[in-house]
Amino acid sequence: MRNGFLYKTTALIIALMFLLTGCGNPAKKAEEAVNSAFAALQKADFEELGKYVTNAEPFGGDTMGLVDDVDALGDAMYGRMEHKITSSELQKDGSVTVTADITNVDMSKAFDSWYTAIFAFMTSEEAKSLNQEELIARSSEMLFNTIKTAEDTITTTVDITVSKNEKGKWQLEVDNDLIDAASGGIVSVLGNNNQ
């Protein structure tokens, strides 16, 4: 009788541990994937980020020739990013919608400052003496410094769809809303400048 009670108590304790630690809980696993993805993004570790997102390319890929050092740009853009998960909801298809508030440098204001600075620089005597490669390097340096010293931030609430890939690993589905929120509005800034 005593052994039966001991076995039942042990089984109950183990079951409670699984429930409390989120083992097997899809919402908790999806939140862990979101936290891991944002931790990698903050470090501009795009290889690590690739483990947690369906496509890491938009976060550190094409810089339209404006920047040679993608890692430095990633550090400038994502180094001060913060996120807070506000809810998680399991969907009928097995995916989880994770809602998060993402705060980062307001790229709209940072780019406005950079445009002003770069215009003043391009009309200077120093700029006239530089070749195209040197101008791009100087422009990149000015952009990094503008972003790194920017004080204005923006917080965006975004719904992130997290689902299991073919290997059973939880991954964030990358869309423009996620990229825009994580980057402080860069998608909106560049979209507005291309119109």
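Remember, it's a predicted structure, so these values are computed and weren't measured experimentally.

Rules used in this analysis
Residues numbered from 1 in each chain as written. Predicted model: local features only at pLDDT ≥ 70, side-chain atom pairs only at ≥ 80, totals over all residues. Heavy atoms only, no water. Helix = DSSP H or I, 4+ residues; strand = E, 2+ residues; numbered from the N terminus. Patch = residues over 30% accessible without salt bridge, like charges linked within 9 Å, V, L, I, M, F, W, Y side chains within 5 Å. Areas by Shrake-Rupley, 256 points an atom, 1.4 Å probe, with all protein chains shown as cover. Salt bridge = Lys/Arg side-chain N within 4 Å of Asp/Glu carboxyl O. Lys, Arg positive; Asp, Glu negative; His and termini not counted. Charge placed at Lys NZ, Arg CZ, Asp CG, Glu CD. Buried < 20%, exposed > 50% of the residue type's maximum accessible area, 1.4 Å probe, protein only. Phe/Tyr/Trp six-rings, centres within 6.5 Å; stacked < 30°, edge-to-face > 60°. Pairing = 2+ DSSP bridges. Axes fitted to C-alpha atoms, helices over the stretch in contact; angles between N-to-C directions. Contact = heavy atoms within 4.5 Å.

Chemist: Sorry if this is basic, but what is going on with unusual backbone geometry here?
Modeler: Peptide bonds are, in most cases, trans, and in most cases residues other than glycine have a negative phi. Residues other than glycine seldom take positive phi values, yet Ala44 does so here, at roughly 55°. Turning to its location among the elements, Ala44 is positioned in the loop between helix H2 (26-42) and helix H3 (46-49).

Chemist: Please clarify how a negative patch on the surface should be interpreted in this entry.
Modeler: Together, Asp93, Asp159, Glu173, Asp175 and Asp177 line one region of the surface with negative charge. With respect to the helices and strands, Asp175 occurs in the loop between strand S4 (170-172) and helix H9 (176-182). Of the residues examined, Asp175 reaches a relative accessible area of 34% and is grouped as partly exposed.

Chemist: Got a minute to help me understand the packing of aromatic side chains in this structure?
Modeler: Here the distance between the centres and the angle between the planes together describe a pair of aromatic rings. All chains considered together, the criterion is met by 3 aromatic pairs. Their ring planes at 75° and their centres at 5.8 Å tell us that Phe111 and Tyr115 sit as a pair that is edge-to-face. In this pair, Phe111 and Tyr115 both sit in helix H6 (residues 107-122), 4 residues apart, roughly one turn of the helix. What makes Phe111 buried here is its relative accessible area of 7%. For Tyr115, a relative accessible area of 31% puts it in the partly exposed group.

Chemist: What's the story with the pattern of salt bridges in this structure? I'm lost.
Modeler: For side chains bearing opposite charge, pairing can occur when the charged atoms are close. Tallying each qualifying case throughout the model produces 6 salt bridges. Here Glu31 makes a salt bridge to Lys28, at a shortest N to O gap of 3.9 Å. One end of the pair is Glu31 and the other is Lys28, both in helix H2 and 3 residues apart, which spans about a single turn. The partner of Glu125 in a salt bridge is Lys128, with the nearest N and O atoms 3.4 Å apart. Of this pair, Glu125 and Lys128 both sit in helix H7 (residues 125-128), 3 residues apart, which is roughly one turn of that helix. Look at Glu125 and you get exposed, because its relative accessible area is 61%. On the accessibility criterion, Lys128 (58% relative accessible area) is exposed. Connected through shared salt-bridge partners, Glu126, Arg138 and Glu141 make up one network.

Chemist: Help me understand the sheet that holds strand S2 (residues 96-105) in this model?
Modeler: Whenever strands of a sheet pair, they do so through backbone hydrogen bonds, lying parallel or antiparallel. If you trace the 4 strands from one edge of the open sheet to the other, you get S1-S2-S3-S4, paired in antiparallel fashion. Edge strands, defined here as strands with exactly one partner in the open sheet, are strand S1 (82-90) and S4. On average, each strand axis in the sheet is inclined to that of its neighbour by 25°, with strand direction left out of account. Across 8 bridges, the pairing between S1 and S2 is antiparallel. Each bridged residue has a counterpart across the sheet, and for Ile85 the counterpart in S2 is Ala100.

Chemist: Looking at this structure, how should I read the side chain of Thr146?
Modeler: Positionally, Thr146 belongs in helix H8 (residues 132-149). For Thr146, the contacting residues outside a window of four places in its chain are Ala110, Ser113 and Trp114.

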